[in-house]
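Results of the structural survey
One letter stands for each residue in the lines below.
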Amino acid sequence: MPLRYFIKQLLLPPGILLLLLLAAWWLRRSRPRLAGVCFAFGFGGLLLMSLPVVVQWSAKALEREPPLARQEWTTLAQRADAIVVLGSGRERGDIAWGEDQPTGVGLERQRYAARLARASGLPILTSGGLHYGTPPTEAKLMADSLRDDFDVSVRWQEGASRTTWENARMTADILLPQGIKRVVVVTQAWHMPRAVWSFEQAGFEVVPAPVGFLGTDNARPFGGWLPEFKSIWQSGQLLNEAVGQVGYSLFYR
């Protein structure tokens, strides 16, 4: 793994919160007051991240693009020329399949893209590069899954990108020379604002097609005020996205 990935995982929650708890244990005798502060922030942060209601509130702030109405699916070809599905990582060496597989989030995007493609007749491009430095590309994993699991063919594969910004730029290298400037972008609802911005900066007109909304009623017992392990992962994704949006606005112009 690249060093920058390791550092990022440590500095963003829950990594930084676990480091605070470790610091609290380390300082418990020499600096008990500082240890208490570290413990309070570390434990309190993890508790907040574990609450479904916090996930719901956080997602509402990020999910700014509305869902596509179902009646719009069949007329998408009037507004766009292709569907772009953004990758979301991979499940490494899934022993049930004997090879790498798309993530659950990726399958959610693929399913939605397949439905849109059938309804509209638009061709699909999958976008995502290598992980762990070994093939196949994420774009190929998604293309194979769309073909085998959803019976939908993929016309283009962009297999070199590592970030959302590169998704957009490298997709532009493929589609813009073919005169394709209007695209439907499929990704998670909380990731969509950054994806739309990146693709617009790359020269596209974008029709957002968000999936996986988290900012809706969480339907959990006691209104989502009981901690759940899954919420820690979701909170981490949302925090990473919030940092990404700020970073993109500062460094990509």
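The structure reproduced in this document is the subject of the present report. (Residues numbered from 1 in each chain as written. Predicted model: local features only at pLDDT ≥ 70, side-chain atom pairs only at ≥ 80, totals over all residues. Heavy atoms only, no water.)

**Let's talk about the sheet that holds strand 4 (residues 124-127)**
The parallel open sheet is built from five strands, whose spatial order is 5-4-1-6-7. The strands lining the two open edges of the sheet, one partner per strand, are strand 5 (156-158) and strand 7 (205-211). Direction aside, the axes of adjacent strands within the sheet are offset by 25 degrees on average. Each of strand 1 (82-86), strand 4 and strand 5 touches helix 6 (residues 138-150); the most contacted strand, strand 4, lies at about 140 degrees to it. (Pairing = 2+ DSSP bridges. Helix = DSSP H or I, 4+ residues; strand = E, 2+ residues; numbered from the N terminus. Axes fitted to C-alpha atoms, helices over the stretch in contact; angles between N-to-C directions. Contact = heavy atoms within 4.5 Å.)

**Notes on unusual backbone geometry**
Cis geometry marks the peptide bond from Pro13 to Pro14, where omega comes out at 5 degrees. Turning to its location among the elements, Pro14 is positioned in the loop between helix 1 (3-11) and helix 2 (15-26). In this model, Phe222 sits at a positive phi of 60 degrees, which is unusual for a non-glycine residue. Tracing the backbone shows Phe222 in the loop between strand 7 and helix 9 (229-251).

**Remarks on the packing of helix 7 (residues 164-175) against helix 8 (residues 192-201)**
It is at 8 Å that the axes of helix 7 and helix 8 come closest, and there the two elements cross at 35 degrees. Read as a crossing pair, helix 7 and helix 8 show a hand that is right-handed. On helix 8, the residues that touch Thr164, Trp165, Asn167, Ala168, Arg169 and Thr171 of helix 7 are Arg194, Ala195, Trp197, Ser198, Phe199 and Gln201. Of the residues that constitute the contact of helix 7 with helix 8, the class distribution is five nonpolar, five polar and two charged. (Left-handed = near helix turned anticlockwise from the far one by under 90°. Nonpolar A, V, L, I, M, F, W, Y, C, P; charged D, E, K, R; others polar.)

Read these as geometric descriptors, not functional statements.
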